[in-house]
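# Descriptive analysis of the structure
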Amino acid sequence: MYFKRKQSSLAIGLAFAALWPALGQAQVTTLPSIRVAPQESTPLQPNTAQERKRLDQVPGGTNLIVPKEQERQATLRDVLDYQPGIVVQEFFGGLDQPRLNIRGSGIQSNPVNRGVLLMQDGLPLNEADGSFVISLLELRNTGLVSVRRGANAINPGATTLGGELDFQSLTGTNREGIKIEGGSFGRFGINAAKGFQGERFDGRISFSHDKSDGYRHHSQSRRTNMQANFGARFDNGVENRTYLSYTDLKFDIPNVVSKAAMEDNPRGVLGDGNTMPDQMQNVYDRDPNRKTKQFRLANRTYWGTEALNHTVGVYWQTIDDTFTNPTTSSPTDGHTYGVQWQMAGTQGSLDYRLGLNWARTDMDRELHATRHGENFLKFGDYDLQAENRNAMLGLAWHFNPQWQVVADLKYSQAIRDAKERLSGNRLDQDWSYFSPKVGVIWAPNENQRWFANISRSNEAPTYWEIIGNNVPPAFGMGNNVPVSTRLNRLDMQKANTFEIGGNGTWGAGRDAVSWSLTLYRSEVRNELMEIADATGAVSEVINYRGKTRHQGIELGLGGSIHGLGDGALDYRLAYTYSDFRFRDGQYAGNRIAGVPEHLIGAELLYRLGGLRFGPNVRWVSEAYTDHANTDADYAKRDAYALWGFKVDYQHDKHWSAFIQADNIFDKTYASSHLIRAKYPATPGAPGFLPGTGRSFSAGLSYRF
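Attention in this report is confined to the structure presented alongside it. Given the structure is predicted, the values throughout are model-derived calculations rather than measurements.

Cut-off values and rules
Residue positions are counted from 1 within each chain, in the order its sequence is given. Where local features are concerned, this predicted model is filtered to residues with pLDDT of at least 70; where side-chain atom pairs are given and counted, the filter is 80 or more; whole-chain, interface and lining totals use all residues. Only hydrogens and water are set aside; all other atoms, that is, all heavy atoms of the structure, feed into the side-chain values. To define a nonpolar core, start from buried Ala, Val, Leu, Ile, Met, Phe, Trp, Tyr and Cys residues and group those joined through side-chain atoms within 4.5 Å. Categorising residues by exposure relies on relative accessible area from a 1.4 Å probe, with only protein chains included: less than 20% of the type maximum marks a residue as buried, more than 50% marks it as exposed, and the intermediate range marks it as partly exposed. Helical segments are the DSSP runs of H or I of at least four residues, strand segments are the runs of E of at least two, and each set is numbered from the N terminus. Two residues form a contact once any of their heavy atoms are found within 4.5 Å. Aromatic rings from Phe, Tyr and Trp, with only the six-membered ring used for Trp, were paired whenever their centres fell within 6.5 Å, and each pair was classed as stacked if the ring planes differed by under 30 degrees, edge-to-face if by over 60, and tilted otherwise. Criterion for a charge above a ring: Lys NZ or Arg CZ within 6 Å of the ring centre, and within 35 degrees of the ring normal. Should a side-chain nitrogen of Lys or Arg be within 4 Å of a carboxyl oxygen of Asp or Glu, the pair is scored as a salt bridge. At least two DSSP bridges between two strands are required for those strands to pair. Like charges are joined within 9 Å and nonpolar side chains (Val, Leu, Ile, Met, Phe, Trp, Tyr) within 5 Å, but only among residues with over 30% relative accessible area and no salt bridge; these make up the patches. With residues, only the protein chains shown are counted as cover, and all accessible areas are computed by Shrake-Rupley using a 1.4 Å probe.

### Thoughts on the nonpolar core
Side chains of nonpolar character tend, in soluble globular proteins, to be buried together. Within the largest apolar cluster, 20 residues are counted, with the highest numbers of intra-cluster contacts made by Leu384, Tyr463 and Ile467. Those elements that provide at least two residues to this core are strand E16 (350-371), strand E17 (374-400) and helix H7 (463-466). The contact partners of Leu384, leaving out residues within four places of it in the chain, are Thr361, Asp362, Met363, Arg365, Asp417, Ala418, Tyr463 and Ile467. In terms of nonpolar packing, the next biggest core, distinct from the first, is built from 19 residues, Leu80, Val88, Leu118 and Leu125 among them.

### Here we look at the environment of Asn265
Looking at where Asn265 falls in the secondary structure, it is placed in the loop between helix H4 (259-264) and helix H5 (276-280). Residue classification places Asn265 among the partly exposed residues on the basis of a relative accessible area of 32%. Each C-alpha atom of the pair Asn265 and Pro472 lies 27 Å from the other, and the pair is 207 residues apart in sequence. Filtering out sequence-adjacent residues up to four positions away, Asn265 remains in contact with His217 and Asp272.

### With respect to the packing of aromatic side chains
Scanning the model with the defined rule gives 20 aromatic pairs in all. Aromatic side chains Trp506 and Trp515 sit 5.6 Å apart centroid to centroid with 20 degrees between the ring planes, which places their arrangement in the stacked category. Judged by relative accessible area, which is 52%, Trp506 ranks as exposed. The class for Trp515 is buried, based on a relative accessible area of 8%. With a centroid separation of 5.3 Å and 50 degrees between ring planes, the pair formed by Phe582 and Tyr587 is classed as tilted. Take Tyr587: its relative accessible area is 11%, and that puts it in the buried class. Put simply, the rings of Phe196, Phe201 and Phe230 pair up and form one aromatic cluster. Its end group placed over the ring of Tyr520, Arg103 keeps NZ or CZ at 4.5 Å from the ring centre. The ring of Phe376 has Arg371 lying over it, and the distance from NZ or CZ to the ring centre is 3.9 Å.

### Looking at the pattern of salt bridges
All told, the structure shown has 55 salt bridges when counted by the stated rule. Arg149 is paired through a salt bridge with Glu554; the nearest N and O atoms lie 2.9 Å apart. Taken together, the residues Arg149 in strand E6 (residues 142-149) and Glu554 in strand E27 (residues 547-564) connect sequence positions 405 residues apart. The salt bridge involving Asp210 is made with Arg187; its shortest N-O contact spans 3.1 Å. With Asp210 in strand E10 (residues 201-212) and Arg187 in strand E9 (residues 187-197), this pair connects stretches of sequence that are 23 residues apart. Pair check on accessibility: Asp210 and Arg187 agree, each one buried. Through salt bridges with shared partners, a single ionic network connects Glu138, Arg140, Lys179, Glu181, Arg187, Asp210 and Arg223.

### Observations concerning the pairing of strand E19 (residues 426-445)
Strand direction decides the pairing type here: strand E18 (residues 403-420) and E19, joined by 17 bridges, are antiparallel. Note that in E19 the partner of Asp417 across the bridge is Asp428. Hairpin geometry of E18 and E19 is characterised by an intervening segment of five residues between the two adjacent antiparallel strands and by a positive phi of about 85 degrees at Gly424. Between E19 and strand E20 (residues 448-459), which pair antiparallel one after the other, the connecting turn spans two residues.

### Here we look at unusual backbone geometry
With a phi close to 55 degrees, Asp121 is a non-glycine residue in the positive phi region. By the secondary structure assignment, Asp121 is in the loop between strand E4 (117-120) and strand E5 (123-124). A positive phi angle, near 70 degrees, is found at Asn255, a position not held by glycine. Locating Asn255 in the fold gives a position in the loop between strand E12 (239-252) and H4. Asn255 sits in the buried class, given a relative accessible area of 14%.

### Overview of a nonpolar patch on the surface
On the surface, a nonpolar cluster with roughly 980 Å² of combined accessible area is contributed by Leu350, Leu393, Leu395, Trp397, Phe399, Trp403, Leu409, Tyr411, Phe434, Trp442 and Trp450. Listing elements by their share of the nonpolar patch, those giving two or more residues are E17, E18 and E19. Element by element, the count of residues in the nonpolar patch is highest for E17, at four residues. Mapped onto the elements, Leu350 comes out in strand E16. Judged by relative accessible area, Leu350 falls into the partly exposed class, the value being 31%.

### A few points about the environment of Lys53
Counting through the fold element by element, Lys53 comes out in helix H2 (residues 48-55). Accessibility expressed as a relative area gives 51% for Lys53, which makes it exposed. On a C-alpha basis, the gap between Lys53 and Lys211 in space is 38 Å, while along the polypeptide they are 158 residues apart.

### Some remarks on the sheet that holds E5
With mixed pairing, five strands are arranged side by side in an open sheet as E1-E6-E7-E4-E5. Edge positions in the sheet fall to strand E1 (62-65) and E5, since each of these pairs with one other strand and no more. One ladder, built from four bridges, connects E4 with strand E7 (residues 163-169); its direction is parallel. Looking across to E7, one finds that Leu117 is bridged to Glu164.

As structure tokens, this is what we get:
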């Protein structure tokens, strides 16, 4: 522990040392602006301007995120905060599995593992059944994050309500360096990267290691990541790039507590007290955790011109994943293979795209009832094969310099075969479906773009929904109670979405305001839901037998105000409104639990030369934790506002540092919660995940 504290103290001390000259001279010295050469753009590695141009051809809501604009990039929320339409709810505040939600897609899953297509350099990261382990992502080796919300996704295999996120790797053309970070609760991280570049080739290799003791008891986490890529450019517009990555992840799970217990001791867990839930679900004894290793190899080749080009990608990844909740351990060994081809071209005023995508995952999953944190009884052994076949046709007709009509049609076949070896039971399911979209874009001038579209999304269940189990908490106490597993026959979740909005800038010059606004409404059928029982364990997965509706507003603002002395005021704001309801059926008229209705993120930074400092806030409205909308204080998650403050300083083109304070008023709040059908009448039922208290972090970077 002494060494851990020394690591954090060293990082903070180094950051203060780098910041001190700036703090001492800020009132009398204005540092010159640092000019950075534009990133080279190639078809496989577009720069920011090129990717923005591509997103402008999408008739719907998008986000373009540049992680390097944030000094701290340790977690998904560090990078995706202040982005309209993207809701990130942390679980434990470390290197864990935050809830990523776009338009409510996948929010009903536990662990959170579906609802969007994650991509690395244009190729899927998800397993073929649609699942993913989101905490495997390494943001510090990402140059751009390109997000196409909802059915605006352009990948042939992206058909879900949430859309797609493409994490584009840094290459040898980007600057390399070393970064060290430290902070509260044993947080320590280091990242180092080295690149090389020739006339026709480049390469980059990076290494990172992160660890945290965690804010709550039993919430330690660590992650080690290595990534490399190599690219070559040939004559006649040919480009090839190979990607390699390995990640080793492990985090403890402190699990849920009652609201009263959270307010009394937000760092506590079940097992700290003497109540019946403490005895039945003692976290120290049961040791819930997740251990995941992933190896991935991918290659992409591009050839052609803007008039006609082809892109072919292949990838292979393995995953060794053991997810252990308080009663059950689920070791999974999987191999995923995929190939993707896309052709794009222009014929007069018509742009066209064709695409094919195929992916297959062979997976073995066991189920073990646990006792005292160890596997005690094997009661499930599954042989799983998932396969996806996708075809896409996209057209964009520029019938007027200001107008274009965009239409996409995707055809998909999804196969989910499962066999339980111990009993011989099997369930083979397959679905064939179309996912069409038609939209219009109006750009009256270079500073405005308006759009509207109608689309259909489809989502097949993952094996986390198809395979069910029942292990009562009493089993772990040595009682002779039955355990069981089952295969769930589920329908596909479908939605029709109507969307309208726009983006652009107000004003001109350096004080121009960037804005984006999207309004959407999705009519959903057969929504996939995982519902916890009174103890907090997931008791069943269902298609809701009734219609549901997801609708909302996604608003973003950003810009700078100059003329404030020698400096400027940089600001950004994101507002996401989510109105999700049951239209009919058992819970007709009620709100769907799990998503805050209002979410606001805002940041205000004063910039003086290379120095920036200022406050930020994240405000989240109250939310129901059950679909019955139990209106009792112990059953609702309260609204909260988290205030922070950060200082970052770029000394020259080599050195930079930051200091950041989060939750500076030490607010006790629930960062997330279980989703139940109806909250138990007993106020002591566990269901809330306490968020991280007041914390500090600092980092120092050197770029070669």
